[in-house]
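Residue strings, one per chain:
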Amino acid sequence: MIAKAENTSLERVQVLQRKLYLAAKTNPTRKFGVLYDKVCQIDVLWMAYKQVRANKGAPGIDQQTFEVIEKKVGVASFLTEIQTELMEKRYTPLPVKRVYIPKADGTQRPLGIPVIADRVVQAAVKIVIEPLFEATFKDCSYGFRPRKNAQQALREIYKWLNFKCHWVVDADLKSYFDTIPHDKLLLSVRTRVIDRSVVKLIEMWLKAGAMEEMKIRKETTGTPQGGVISPLLANLYLHWLDSTWEKKAFGKRPHDAHIVRYADDFVILCSKRPEFYLEQAKKVLDRLGLTLNAKKTRIVNAMKEPFDFLGHRFAVQPSKVTGELKTFYYPAPKAMKSVKQKIRDVVRKGQHWDLPTLVKEKVNPILRGWGNYFKTGNSRKHFLSIANYTTWTLCIMLRKKHKKRGKGWRDHPPSWFYDYHGLFKLYSLSVTGDEGSRYARPVPS
DNA sequence: CTGAAATGCTC
RNA sequence: UAUGAGCAUUUCAG
């Protein structure tokens, strides 16, 4: 009974989203004035709640957890309370909770965690407005978008490098999420959404501020990293870059300068005048109130120097066999380092477990997940290296555990881990990088 | 084939 | 220790 109700609610929301997408697609300049009622629909709020709950995320500053909502308050009354607040225009968001998480480069990233109720309303708004913006977004944008992934962006770069666009502008925006100006961002929202109440909701989230040491800190720039709509807003704001690029036809014949963007990370690939196209991008970003990180933004000639994007390293080199130029991409050194660190950590933590469990439940999922992300491109050598690193690390661990010196490798050859303990075979995922065999099936195990 | 749950990986 | 997207594996229900 409940399952049936959930299903129809899902269907109704999907139908609504489809309608909105088609309406926006058939009329590219249409601005939508009646959306708030859709945000308030109980189906939409229910789907929004399900999406938020599925992450099992931490509570915000009000300490309200999913357990409290489901066991004490009840989901239905929690949602109808939100619904009446919205309809009576009484809803105001609470400030976000400030949490810092370490980034890969050692610096810290500030998160802003909204309370669960605010996350639900944000998810509801996202359900309603995302289809409208999806209809406008350009093909060169790959980050945070439904049915788009990193592999497609990598493939696009590969394509342009093979089409002799060897000049690469590798751009890095200075703390993008925190520097988006609220006023201009809201203008971007209004290109499609002119329902005042919906725009007001978004404005309130931007202005809600962050709770830091018992004080509310308010900003005029930035969208909280941790909010449900933040990725959509971030994408929407940089859409100006994509659309300007298209309007000036920089991606077309005389220019031949192609943007590939993944959220705030983007490269421009061109065959000539990279300085000019960097300057053009800078002009757009200036108008948006954004700045490029001068130290990290650079122009490279891909034939002479590799560059990294989305965890991969790209290099254009003459083929050892035929001598013609070919593009290669494979896990970047950083990615190699971080997966080794992860293997090392789980093996150290699980050294008192029995080997099959450690391999099956801890090591294999890491190898499988990592391998599936990097299996495109030319990763065979790097997969082999990680596979060897894994057997070696396990071997060292076993030798220490059994207090044996020497001969560990002879007792535990790589095949021993694979054949008797079911260690995941990384190289079963990799395909060779040759033109002819790119579409070959993975090597059978 | 479509949902739900769990785990893992990338950005 | 949040958010979005994508991918993979397992389990369950139709």
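Described in the following lines is the structure provided in the data block. Worth saying up front: this structure is predicted, and the values here are computed from it rather than measured. (Residues numbered from 1 in each chain as written. Chains lettered and ligands numbered in written order. Predicted model: local features only at pLDDT ≥ 70, side-chain atom pairs only at ≥ 80, totals over all residues. Heavy atoms only, no water.)

1. Describing the overall build of chain A
Reasoning step 1: Counting its regular elements, chain A contains 17 helices and eleven strands.
Reasoning step 2: Oriented by its inertia axes, the alpha-carbon framework of chain A measures out at about 75 × 60 × 45 Å.
Reasoning step 3: Scored against the burial criterion, the 445 residues of chain A give a buried share of 47%.
Reasoning step 4: A sequence separation of at least 24 residues applies to 69% of the contacts in chain A between residues at least 6 apart.
Reasoning step 5: Working note: accessible area of chain A is about 23,900 Å², and carbon and sulfur atoms make up 55% of it. (Helix = DSSP H or I, 4+ residues; strand = E, 2+ residues; numbered from the N terminus. Buried < 20%, exposed > 50% of the residue type's maximum accessible area, 1.4 Å probe, protein only. Contact = heavy atoms within 4.5 Å. Areas by Shrake-Rupley, 256 points an atom, 1.4 Å probe, with all protein chains shown as cover.)

2. Description of the sheet that holds strand 3 (residues 167–172)
Whenever strands of a sheet pair, they do so through backbone hydrogen bonds, lying parallel or antiparallel.
Reasoning step 1: The sheet built from four strands is open, its strands ordered 6-7-3-8 with antiparallel pairing. Looking at the sheet topology across the chains shown, the edges are occupied by strand 6 (257–262) and strand 8 (298–301). This sheet shows a mean twist of 20 degrees between the axes of neighbouring strands, independent of strand direction.
Reasoning step 2: The pairing of strand 3 with strand 8 spans four bridges and is classified as antiparallel. Across the sheet, W167 pairs through a bridge with N301, a residue of strand 8.
Reasoning step 3: Against the sheet, helix 7 (residues 150–162) touches strand 3, strand 6 and strand 7 (265–270), its axis set at about 160 degrees to strand 6. (Pairing = 2+ DSSP bridges. Axes fitted to C-alpha atoms, helices over the stretch in contact; angles between N-to-C directions.)

3. So, the environment of P231
Reasoning step 1: Tracing the backbone through its elements, the reader meets P231 in helix 11 (residues 230–247).
Reasoning step 2: Apart from the residues within four sequence positions on either side, P231 is in contact with F144 and F177.

4. As for the protein's contact with DNA strand B
Reasoning step 1: Surrounding DNA strand B, one finds 15 residues, the nearest of these being K56, Y262, K342, G369 and Y373.
Reasoning step 2: When the atoms of DNA strand B within 4 Å of the protein are grouped by moiety, sugar and phosphate amount to 97% of the total.
Reasoning step 3: Measuring from a base oxygen of DNA strand B, one finds a side-chain N or O atom of Y262 at 3.3 Å.
Reasoning step 4: For the surface near DNA strand B, the secondary-structure elements that each account for two or more residues are helix 3 (42–54), helix 13 (333–349) and helix 14 (355–374).
Reasoning step 5: Per-element accounting of the surface near DNA strand B gives the leading share, five residues, to helix 14.
Reasoning step 6: Here the residues of the surface near DNA strand B are counted per class, giving six nonpolar, four polar and five charged. (Near = heavy atom within 4 Å. Polar contact = N/O pair within 3.5 Å; in protein donor to acceptor, adjacent residues only side chain to side chain. Nonpolar A, V, L, I, M, F, W, Y, C, P; charged D, E, K, R; others polar.)

5. Observations regarding the packing of aromatic side chains
Reasoning step 1: According to the stated counting rule, one finds 20 aromatic pairs in the structure shown.
Reasoning step 2: Seen from their ring centres, Y176 and F177 are 6.0 Å apart, and the 70 degrees between their planes marks the pair as edge-to-face. Comparing Y176 with F177, the two get one shared label, buried.
Reasoning step 3: Here the aromatic rings of F307 and F314 are separated by 5.3 Å at their centres, their planes lie at 10 degrees, and the arrangement is stacked. We note that F307, like F314, is buried.
Reasoning step 4: Through successive ring pairs, a cluster of aromatic residues spans Y158, F307, F314 and Y329.
Reasoning step 5: Here the basic side chain of R273 rests over the ring of F276, its NZ or CZ set 4.3 Å away from the ring centre.
Reasoning step 6: Positioned above the aromatic ring of F424, the side-chain terminus of R368 is 5.1 Å from the ring centre. (Phe/Tyr/Trp six-rings, centres within 6.5 Å; stacked < 30°, edge-to-face > 60°. Lys NZ or Arg CZ within 6 Å of the ring centre and 35° of its normal.)

6. What about the pairing of strand 10 (residues 312–318)?
Reasoning step 1: Across three bridges, the pairing between strand 9 (residues 307–309) and strand 10 is antiparallel. Each residue of the ladder has a partner; that of F307, found in strand 10, is F314.
Reasoning step 2: The hairpin turn running from strand 9 into strand 10, its antiparallel successor, is two residues long, and L310 in that turn takes a positive phi close to 50 degrees.
Reasoning step 3: Note that strand 10 and strand 11 (residues 325–331) share seven bridges and pair antiparallel. Across the sheet, Q317 pairs through a bridge with K326, a residue of strand 11.
Reasoning step 4: Where strand 10 hands over to strand 11, the hairpin turn is made up of six residues, of which G323 adopts a positive phi near 85 degrees.

7. Examining the pattern of salt bridges
Reasoning step 1: Going through the model one piece at a time under the given rule, you end up with 15 salt bridges.
Reasoning step 2: Across the pair E88 and R90 runs a salt bridge, and its minimum N-O distance is 2.8 Å. (Salt bridge = Lys/Arg side-chain N within 4 Å of Asp/Glu carboxyl O.)

8. Side note on the sheet that holds strand 11
Reasoning step 1: The strand order 9-10-11 describes an open sheet built from three strands, whose pairing is antiparallel. Across the chains shown, the open sheet's two edge strands, defined by having one partner strand only, are strand 9 and strand 11. Adjacent strand axes in the sheet meet at a mean angle of 30 degrees when their direction is disregarded.

9. A few points about the protein's contact with RNA strand C
Reasoning step 1: Taken together, the neighbourhood of RNA strand C is formed by 23 residues, with N55, R145, N149, G226 and G227 sitting nearest.
Reasoning step 2: The sugar-phosphate backbone supplies 77% of the atoms of RNA strand C found within 4 Å of the protein.
Reasoning step 3: At a separation of 3.4 Å, a phosphate oxygen of RNA strand C approaches a polar side-chain atom of R119.
Reasoning step 4: Contacts to RNA strand C include G226, whose backbone N or O atom sits 2.8 Å from a sugar or linking oxygen.
Reasoning step 5: For the surface near RNA strand C, the elements supplying multiple residues, two or more each, are strand 1 (96–102), strand 2 (108–113), helix 6 (116–134) and helix 14.
Reasoning step 6: Ranked by the residues each element gives to the surface near RNA strand C, the list is headed by strand 1, at three residues.

10. Examining helix 17 (residues 414–421)
Reasoning step 1: The complete set of buried residues in helix 17 reads F417, Y418 and H421. Projected down its long axis, helix 17 shows its buried positions confined to an angular sector of 120 degrees, all on one face. Every exposed residue of helix 17 that faces more than 90 degrees away from the buried side is listed here: D419 and Y420.
Reasoning step 2: Just beyond helix 17, the residue with positive phi is G422, at close to 65 degrees. (Arc of directions from axis to C-beta.)

11. Remarks on helix 3
Reasoning step 1: For helix 3, built from 13 residues, the straight-helix expectation of 18 Å at 1.5 Å per residue is met to within 8% by its first-to-last C-alpha distance of 18 Å.
Reasoning step 2: Those residues of helix 3 that sit buried are D43, V44, L45, M47, A48, Y49 and V52.
Reasoning step 3: One or two residues past the end of helix 3 sits K56, with phi positive at roughly 50 degrees. (Expected span 1.5 Å × (residues − 1).)

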